[in-house]
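One letter stands for each residue in the lines below.
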Amino acid sequence: MDNTDLTKLVQEVSLTSFKRPFKHVAVFNPRLRTTGGRYDLRDHHIDINPKMYQHYGKQVLIGIIKHELCHYHLHLTGSGYQHRDAAFKKLLLQVGGSRYAPALPQQVVKKKYQYVCRKCGHHYQRQRRINLKKYVCGHCHGHLQLITERGESYA
């Protein structure tokens, strides 16, 4: 699927779910990493994370498109288009859009360093290495010991 196919899909979803036309452009934006899509308030274009389509398929993509179209149509009509607004929540529920985009597999970061308190045995997991001379256990103020150091791994 390329950008023209995506724009056609967005136009189709807009007409069937919202009964209103989508008159702007929808594009795949590979720079999006933590979100499924984005609606631009200035030029009214919709950006979609291509990894959502690659990993989860068309059904999840349509849910994300419905979410972004809720922002689009509410903003153009002058209603509350932000996530916290009641109008947005109501419209999203009506059309069956996704409230949140699913997490991509490479976004799940496993903890690399595991520490244990020598005094009380409490375990700590951290992404970064800590200075054992500077930090102590938050429960009993005992000394910490590094027990495992793993390389970066992704789910």
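Residues numbered from 1 in each chain as written. Predicted model: local features only at pLDDT ≥ 70, side-chain atom pairs only at ≥ 80, totals over all residues. Heavy atoms only, no water.

Trainee: What should I look at first to understand the packing of aromatic side chains in this one?
Mentor: How two aromatic rings sit relative to each other is set out by the distance from centre to centre and by the angle between their planes. Enumeration over the complete set of coordinates arrives at three aromatic pairs. Three or more aromatic residues joined by ring pairs form one cluster here, namely Phe22, Tyr39 and Tyr72. (Phe/Tyr/Trp six-rings, centres within 6.5 Å; stacked < 30°, edge-to-face > 60°.)

Trainee: Help me understand helix H4 (residues 86-95) in this model?
Mentor: Quick reminder: α-helices carry 3.6 residues per turn. Residues three or four places apart thus point the same way. When H4 is considered as a whole, its buried residues turn out to be Phe88, Leu91, Leu92 and Val95. Buried residues of H4, seen end-on, are gathered within an arc of 100 degrees and therefore sit on one face of the element. In H4, the exposed positions that point more than 90 degrees away from the buried face belong to Ala86, Lys90, Leu93 and Gln94. Those residues of H4 that are buried are in contact with helix H1 (3-18) and helix H3 (58-77). Of the residues one or two after H4, Gly96 is the one with positive phi, at around 75 degrees. (Buried < 20%, exposed > 50% of the residue type's maximum accessible area, 1.4 Å probe, protein only. Helix = DSSP H or I, 4+ residues; strand = E, 2+ residues; numbered from the N terminus. Arc of directions from axis to C-beta. Contact = heavy atoms within 4.5 Å.)

Trainee: Would you take a moment to explain the pairing of strand S5 (residues 123-126) for this structure?
Mentor: A regular strand places its side chains on the two faces of the sheet in alternate fashion. Where strand S4 (residues 113-117) lies against S5, four bridges are found, and the strand directions are antiparallel. Looking at the pairing, Tyr113 lines up with Arg126 of S5. Counted between consecutive antiparallel strands, the loop separating S4 from S5 contains five residues, among which Gly121 sits at a positive phi close to 85 degrees. (Pairing = 2+ DSSP bridges.)

Trainee: Help me understand the sheet that holds S4 in this model?
Mentor: Strand pairing in a sheet relies on backbone hydrogen bonds. The paired strands run either parallel or antiparallel. Read across the open sheet, the three strands follow the order S5-S4-S6; overall the sheet is antiparallel. The open sheet has two edge strands with one neighbour each: S5 and strand S6 (144-149). Across the sheet, the axes of successive neighbouring strands diverge by a mean angle of 25 degrees, strand direction being ignored. Of the pairings in the sheet, the one linking S4 to S6 comprises five bridges and is antiparallel in character. Counted as the bridge partner of Cys117 is Leu144 from S6. (Axes fitted to C-alpha atoms, helices over the stretch in contact; angles between N-to-C directions.)

Trainee: Mind showing me how you'd approach the pairing of S4 here?
Mentor: Counted residue by residue, S4 has five buried out of five residues, so it is predominantly covered. In S4, alternate side chains face the same way, and those of Tyr113, Tyr115 and Cys117 on one face and Gln114 and Val116 on the other are all buried.

Trainee: What is the right way to read the sheet that holds strand S3 (residues 46-48) from this model?
Mentor: Pairing is mixed in the open sheet, where three strands are placed in the order S1-S3-S2. The sheet terminates laterally at strand S1 (26-28) and strand S2 (37-39), the two strands that pair on one side only. Across the sheet, the axes of successive neighbouring strands diverge by a mean angle of 15 degrees, strand direction being ignored. Bridge analysis of S1 against S3 gives three bridges, and the strand direction is parallel. Bridge pairing in S3 links Phe28 to Ile48. In this fold H1 packs onto S1 and S3, with an angle of close to 135 degrees to the strand it touches most, S1. In the packing of H3 onto the sheet, the strands contacted are S2 and S3, and the crossing angle to S2 comes to about 10 degrees.

Trainee: Whenever I open this one, H3 confuses me. Can you help?
Mentor: In this model H3 runs 28 Å from its N-terminal to its C-terminal C-alpha over 20 residues, within 8% of the 28 Å that 1.5 Å per residue would give. Burial of H3 is extensive: 14 of the 20 residues sit out of reach of the surface. Just downstream of H3, Gly78 is the residue with a positive phi angle, here 85 degrees. (Expected span 1.5 Å × (residues − 1).)

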